[in-house]
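Now for the letters of each chain:
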2 protein chains.
Amino acid sequence: MKLQKETSSSDRGQREHGRWYDDACGTAFGLEILGERWAMLIVRELLLGARRFSDLRDALPGISAKVLTERLESLAEWGVLTRKTLPPPAATQVYELTEWGYRAEPAIMELGRWAALSLRHNPQLPLSAVSLMTSMKTMQLPALAQAPDMAVGMAVGGEEFVVSIRQGLFGAERAPVAGCPAVLRAPAAPPIAGALYADIPLEALEAEAGLVVEGDRALLRRFIGLFALPPRI
Amino acid sequence: MKLQKETSSSDRGQREHGRWYDDACGTAFGLEILGERWAMLIVRELLLGARRFSDLRDALPGISAKVLTERLESLAEWGVLTRKTLPPPAATQVYELTEWGYRAEPAIMELGRWAALSLRHNPQLPLSAVSLMTSMKTMQLPALAQAPDMAVGMAVGGEEFVVSIRQGLFGAERAPVAGCPAVLRAPAAPPIAGALYADIPLEALEAEAGLVVEGDRALLRRFIGLFALPPRI
DNA sequence: CAGAATCCCATTCGATACTG
DNA sequence: CAGTATCGAATGGGATTCTG
């Protein structure tokens with residue numbers, strides 16, 4: 001009965017992951033699932049729909065293929081996401097959040113909302129298209145609840161999104177921008193973030209950052225005015 | 001100007017912490033501060049007021065002195081908490097959240113609320129007194145908003161808390177239990193968690209888990225009925 | 001006792017190279 | 001494109017020690 005490699009504290013932890021918090025608190029359990037490096041950011045990238053392995057690599061500057069593979073496996077085991085093989089001819093694989101995975105959105109957003117309060121937060125760093133879209137949800141000003149309905153298209157790199165305000169509620173989804181009364185196109189997310197959060201005039205971004213404005217420019221300006229970074233602490 | 005140990009990707013990241021997400025998203029910045037192992041649980045333990053080094057060690061089963069020291073330093077650098085030296089005669093040191101640190105509470109709670117949805121969450125693990133108190137905030141049922149005002153004392157190990165409902169709002173604070181119309185005493189948090197979340201009768205816990213009930217038992221039963229684990233996914 | 005400092009080892013991370 | 005394989009570096013955890 002004498003074991004050499006016993007886990008010493010019996011099997012109080014839930015798995016043989018190696019390091020467990022051994023704590024009934026939901027937060028501790030959440031950290032076991034989403035607390036490893038990159039895990040929460042992978043989930044963030046999936047909040048607006050399924051993505052391929054290489055989409056995730058591109059969206060997460062600095063993640064290695066090894067860690068991405070490990071996290072996807074672990075998150076799939078935990079039931080946060082599933083791997084799906086698309087039907088032919090595009091027989092490629094995508095990763096998609098489960099219903100439970102999608103419900104992590106409030107936790108992810110609250111963490112971002114909190115961190116953005118810091119003076120040391122640097123909003124000038126690179127930004128993925130998805131995190132731009134989700135950031136808008138947390139950076140909406142109270143005036144947005146009274147704003148008239150509107151829809152703005154955003155074409156960021158190769159991805160297209162429609163951002164809408166309906167009955168005072170913000171929404172963002174992957175959808176073709178065609179048909180939107182106003183469209184912002186940019187080679188990447190930062191120019192659009194500059195317009196939304198750094199109050200850089202659209203004209204400056206068109207001249208210097210490759211931004212392209214199509215359609216109702218006045219609508220865009222009203223729209224941009226509905227978002228701002230919070231007062232810093 | 002030729003450096004050997006250059007950080008290679010210029011200084012895009014905000015510090016020389018070694019590993020940075022290099023991502024403008026607030027969530028990424030939050031993870032740089034609270035995403036390292038144990039960091040968020042340390043903040044959780046401070047949500048109900050300042051604690052000493054050894055209090056934190058006791059509350060976080062499994063953390064090593066080394067890691068606790070490192071995290072406290074890092075969190076202090078980031079401005080999440082401060083170290084204070086209590087005035088003599090008790091010239092000991094305590095760690096206390098800054099105003100910004102306290103504002104992390106919603107993020108920590110949302111993560112816990114999300115994780116508790118999982119079937120694989122094990123609420124039977126050890127639990128600190130503080131995480132019991134904060135868990136109640138996330139596990140309150142809608143009926144709590146209509147409940148009459150009440151206050152319940154909880155003496156857990158050597159710590160005393162008063163949990164209150166005032167105008168339908170939940171509150172928990174470190175305060176003497178004396179004067180509360182009903183008091184639960186237990187050697188540790190799990191028996192109280194059993195009463196709240198596993199519907200174990202008070203009498204069984206008194207007989208087997210060292211629970212002591214003082215005062216208005218009917219009030220306690222009503223109180224306990226206002227909390228429950230969420231339906232699992 | 002509070003807590004900082006050290007040493008050692010296992011695990012994890014990150015970067016590069018490689019494969020089907 | 002979607003991962004594997006490999007290896008050096010950094011981090012985490014535990015034990016021990018030192019100090020006041």
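Small disclaimer: the values here were computed from a predicted structure and weren't measured.

Participant: Kindly report on the relation of the copies chain A and chain B, identifying the contributing residues and their values.
Facilitator: Mapping chain A onto chain B leaves a residual RMSD of 0.0 Å; the transformation is a rotation of 180° accompanied by 0.0 Å of translation along its axis. The transformation just described matches what one would write down for a two-fold rotation axis. Residue by residue, 100% of the interface of chain A is reproduced at the interface of chain B, so both copies engage with the same surface.

Participant: Pulling in residues and values, what's your account of the protein's contact with DNA strand C?
Facilitator: Around DNA strand C, 16 residues are found, and the nearest of them are Arg-37, Lys-66 and Arg-71 of chain A together with Phe-53 and Arg-83 of chain B. Of all DNA strand C atoms lying within 4 Å of any protein atom, the proportion belonging to sugar or phosphate reaches 69%. At a separation of 3.0 Å, a phosphate oxygen of DNA strand C approaches a polar side-chain atom of Trp-38 of chain A. Counting residues per element, the ones that place at least two in the surface near DNA strand C are helix H4 (65–78) of chain A together with helix H3 (53–59) of chain B. Here the surface near DNA strand C takes four residues from H4 of chain A, the largest share from any one element.

Participant: Requested: an account of the environment of Gly-79 of chain B, with residues and values cited.
Facilitator: Residue and element names in this part refer to chain B. Examined against the element boundaries, Gly-79 turns out to sit in the loop between helix H4 (65–78) and strand S1 (81–85). In this structure the C-alpha to C-alpha distance between Gly-79 and Leu-97, which are 18 residues apart in sequence, comes to 8.5 Å. With near-sequence residues (within four places) excluded, Gly-79 lies in contact with Thr-98 and Trp-100.

Participant: Report on the side chain of Asp-23 of chain B, specifying residues and quantitative values.
Facilitator: Within the element layout of this structure, Asp-23 of chain B appears in the segment before helix H1 (26–34). For Asp-23 of chain B, the side chain forms a polar contact with the main-chain nitrogen of Cys-25 of chain B, separated by 2.8 Å. The residues touching Asp-23 of chain B, leaving out its near neighbours within four places in the chain, are Arg-44, Leu-125, Pro-126, Leu-127 and Ser-131 of chain A together with Ala-28 of chain B.

Participant: Provide a residue-level description of the protein's contact with DNA strand D, including the pertinent values.
Facilitator: Close to DNA strand D lie 20 residues; Ser-54 and Thr-92 of chain A together with Arg-37, Lys-66 and Arg-71 of chain B are nearest. Taking all atoms of DNA strand D within 4 Å of the protein, the share assigned to sugar and phosphate is 68%. At 2.5 Å from a base oxygen of DNA strand D is found a side-chain nitrogen or oxygen belonging to Lys-66 of chain B. Note that a phosphate oxygen of DNA strand D is positioned 2.5 Å from one of the side-chain N or O atoms of Arg-71 of chain B. Broken down by secondary-structure element, the contributors of at least two residues to the surface near DNA strand D are helix H3 (53–59), H4 and strand S2 (93–97) of chain A together with H4 of chain B. It is H4 of chain B that provides the largest number of residues to the surface near DNA strand D, a total of four residues. Residue composition of the surface near DNA strand D, grouped by class: five nonpolar, six polar and nine charged.

Conventions adopted
- Residues numbered from 1 in each chain as written.
- Chains lettered and ligands numbered in written order.
- Predicted model: local features only at pLDDT ≥ 70, side-chain atom pairs only at ≥ 80, totals over all residues.
- Heavy atoms only, no water.
- Least-squares fit on C-alpha atoms with pLDDT ≥ 70 in both.
- Contact = heavy atoms within 4.5 Å.
- Near = heavy atom within 4 Å.
- Polar contact = N/O pair within 3.5 Å; in protein donor to acceptor, adjacent residues only side chain to side chain.
- Helix = DSSP H or I, 4+ residues; strand = E, 2+ residues; numbered from the N terminus.
- Nonpolar A, V, L, I, M, F, W, Y, C, P; charged D, E, K, R; others polar.

All quantities given are derived from atomic positions and should not be read as evidence of function.
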